[in-house]
Amino acid sequence: MKKLSCVIVDDEPLAVQLLETFVKRTEFLDYQKAFTDPIEASAFLAQNKVDLLFLDIQMPDVNGLELARSLKGQTKIIFTTAFKEFAFDSYEFAAIDYLLKPIRYAKFLQAVERAKAWFDAQNSNVETITPQNVAENTNNADSMFLRVDGEWRKVEFDKILFVEGMKDYVMFHLEGERRPVVTHLTMKAVEQSLPNQSFMRVNRSFVVALDKIRTVDRNLCLYIGDEIIRVTDQYKPAFESFLNSRMPGK
């Protein structure tokens, strides 16, 4: 099993120590180095191939978002922050995940499992499904079939919590399953394939199952399973219309 090389960047030594412990505890992660100085980290990342970067957002001199913008290559980012409002900036970078401090190992493991699924998809023989083929297979249906590792995997609509896009791949997060189902597909194809009365795109990277939303907070952040997903400005009118339609007396 190929391990994912990891680097930690955080100006708080205690936060670095905690993440080091988590990385070393996780068998498919390969701890490389940690930095409390983002400028030193930037120089290292420019010269070394790193799979996964744990990156604090709020740091002096160069913050995590500025460092993320300078990255090239296949390095994937998991942002870490003590402030939920900063975490929402992670959508700009198609980050694997963000972790809110204080970080629990269970949430850390969920994030790195997501990273592993993405890298596994990159390295496997995942076959492309055209949007037309998916749409034809799912008309008036309660499930869809996804091509994964040379096999057709049936995915029932009522088991889907949300679908997450990562460039040319999507991850179907399902109830009762720890790891997402990963396939080669576009978010546009996902939107066309799922029944629009039950699913809605809420930002560039996420389509959510509307009936799986537990809570909507004042910032239009959706709580689904263990995930917090933000509705961005482009998608607010449609989501607010849905929300109003579900209110008593409407």
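Definitions and cut-offs
- All residue numbers refer to positions counted from 1 along the written sequence of the respective chain.
- Only residues with pLDDT of at least 70 get local features here, since the model is predicted, and only at 80 or more are side-chain atom pairs given and counted; chain-wide, interface and lining totals rely on the full set of residues.
- Hydrogens and waters are ignored; side-chain quantities use all the structure's heavy atoms.
- Comment: elements are numbered from the N terminus, with helices defined as DSSP H or I runs of at least four residues and strands as E runs of at least two.
- The contact criterion used throughout is that any non-hydrogen atoms of two residues lie within 4.5 Å.
- All accessible-area figures derive from a Shrake-Rupley calculation using a 1.4 Å probe, and residue coverage is judged against the displayed protein chains alone.
- In this description, a nonpolar core means a group of buried Ala, Val, Leu, Ile, Met, Phe, Trp, Tyr and Cys residues linked to one another through side-chain atoms lying within 4.5 Å.
- Three exposure classes are used, based on accessible area relative to the maximum for each residue type with a 1.4 Å probe and protein chains only: buried under 20%, partly exposed in between, and exposed over 50%.
- In the sections that follow, a salt bridge refers to a side-chain nitrogen of Lys or Arg positioned within 4 Å of a carboxyl oxygen of Asp or Glu.
- Given a helix with a known number of residues, its expected span is that number minus one, times 1.5 Å.
- It is the directions from the helix axis to the C-beta atoms whose arc is reported.
- Buriedness for pockets is judged along seven lines, at least five of which must meet protein on both sides within 12 Å for an open set on the 1 Å grid over protein atoms alone, while cavities are sets there where a 1.4 Å probe fits but cannot get out, and lining residues have an atom within 4 Å of a point.
- Grid points are joined across faces, edges and corners, and a volume is the space filled by probe spheres set on the points.
- The nonpolar class holds Ala, Val, Leu, Ile, Met, Phe, Trp, Tyr, Cys and Pro. Asp, Glu, Lys and Arg form the charged class, and all remaining residues, Gly among them, are polar.
- Per residue, pLDDT measures the predictor's confidence, with a range of 0 to 100.
- Paired rings are identified among Phe, Tyr and Trp, the last through its six-membered ring, by centres lying within 6.5 Å, and are further divided according to the angle between planes into stacked (under 30 degrees), edge-to-face (over 60) and tilted (the rest).

Undergrad: What's the story with the overall build of the protein chain in this structure? I'm lost.
TA: Helix and strand counts for the protein chain come out as eight helices and 15 strands. Relative to all contacts within the protein chain whose residues are 6 or more apart in sequence, the contacts with residues 24 or more apart total 53%. Just so you have it, the protein chain exposes about 12900 Å², and 46% of that area is on carbon and sulfur atoms.

Undergrad: Any chance you could explain the nonpolar core here in plain terms?
TA: Side chains of a nonpolar character, in soluble globular proteins, are inclined to be buried together. Counting 29 residues, the largest nonpolar core has V23, L29, L52, F54, I78, F108 and V112 as its most contacted members. For this core, the secondary-structure elements that each account for two or more residues are β1 (4–9), α1 (13–25), β3 (52–56), α5 (105–123) and β9 (169–174). Those residues in contact with V112 that sit more than four places away from it in its chain are T26, F28, L29, L52, F54 and I78. One finds V9, F35, A68 and Y98 within the second-largest nonpolar core, a separate group that totals 20 residues.

Undergrad: Mind showing me how you'd approach the environment of A117 here?
TA: Here A117 shows up in helix α5. The exposure class assigned to A117 is buried, which follows from its relative accessible area of 3%. As a C-alpha pair, A117 and P180 span 63 residues in sequence and 7.2 Å in three-dimensional space. When sequence neighbours within four positions are dropped, the list of residues in contact with A117 reads M171, R179, P180 and V182.

Undergrad: Hey, could you run me through the pattern of salt bridges in this one?
TA: All chains considered together, the criterion is met by 16 salt bridges. The salt bridge involving E227 is made with R114; its shortest N-O contact spans 3.0 Å. One end of the pair, E227, is in strand β15 (residues 227–230); the other, R114, is in helix α5, with 113 residues separating them in the sequence. When its relative accessible area of 3% is taken as the criterion, R114 is described as buried. Put simply, D97, K107, R114, E164 and E227 are held in one network by salt bridges that share partners.

Undergrad: Please explain the environment of S42 as it appears in this structure.
TA: Mapped onto the elements, S42 comes out in helix α2 (residues 38–47). Sequence-wise, S42 and L67 are 25 residues apart; in three dimensions their C-alpha atoms are separated by 6.8 Å.

Undergrad: Just checking my understanding: could you explain the environment of Q74 for this structure?
TA: Note that Q74 resides in the loop between α3 (64–70) and β4 (76–81). Excluding anything up to four places from it in sequence, Q74 contacts D51, W118, F119 and Q122.

Undergrad: Explain α1 to me, please; I cannot follow it from the model alone.
TA: Quick reminder: α-helices carry 3.6 residues per turn. Residues three or four places apart thus point the same way. Its 13 residues give α1 an end-to-end C-alpha distance of 18 Å, which sits within 8% of 18 Å, the value for a rise of 1.5 Å per residue. Along α1, the positions that sit buried rather than exposed are A15, V16, L19, F22 and V23. Seen from one end, α1 has its buried residues packed into an arc of 125°, which puts them on one side. Projecting away from the buried face of α1 at angles above 90 degrees are the exposed residues P13, L14, K24 and R25.

Undergrad: Help me understand the layout of surface pockets in this model?
TA: Any empty space left between the atoms is revealed when a probe the size of a water molecule rolls over them. Empty space within the largest pocket amounts to approximately 330 Å³. As for the largest pocket, its lining consists of 19 residues, of which Q110, H173, E177, R178 and D226 are closest to the centre. Tallied by class, residues from the lining of the largest pocket come to seven nonpolar, four polar and eight charged. Estimates place the volume of the second largest pocket at around 280 Å³. Forming the boundary of the second largest pocket are 16 residues, of which R104, K107, Q110, D226 and I228 lie nearest the centre. Of all the secondary structure elements, the ones that give two or more residues to the lining of the second largest pocket are β5 (97–100), α5 and β15. Of the residues forming the lining of the second largest pocket, the biggest block, four residues, is contributed by β5. Considered class by class, the residues forming the lining of the second largest pocket number eight nonpolar, two polar and six charged.

Undergrad: I tried to follow the confidence of the model for the protein chain on my own but got confused; where do I start?
TA: Detailed conclusions should not be drawn from predicted coordinates in areas where pLDDT is low. Chain-level pLDDT for the protein chain is 84 on average; 86% of the residues reach the 70-or-more range. For residues 125–139, every residue scores under 50 in pLDDT, and the model assigns this stretch 32 contacts once sequence neighbours within four places are set aside.

Undergrad: Looking at this structure, how should I read the packing of aromatic side chains?
TA: Any pair of aromatic rings gets described here by the distance separating the centres and the angle formed by the planes. Evaluation of the coordinates by the stated rule reveals eight aromatic pairs. Ring centres of F22 and F108 lie 5.3 Å apart, and the angle between their planes is 50°; on these two criteria the pair is classed as tilted. Here F22 is found in helix α1, whereas its partner F108 is found in helix α5, with 86 residues between them in sequence. With centroids separated by 5.8 Å and ring planes inclined at 25°, the aromatic side chains of Y105 and F108 adopt a geometry described as stacked. Within this pair, Y105 and its partner F108 are both found in helix α5, separated by three residues, close to a single helical turn.

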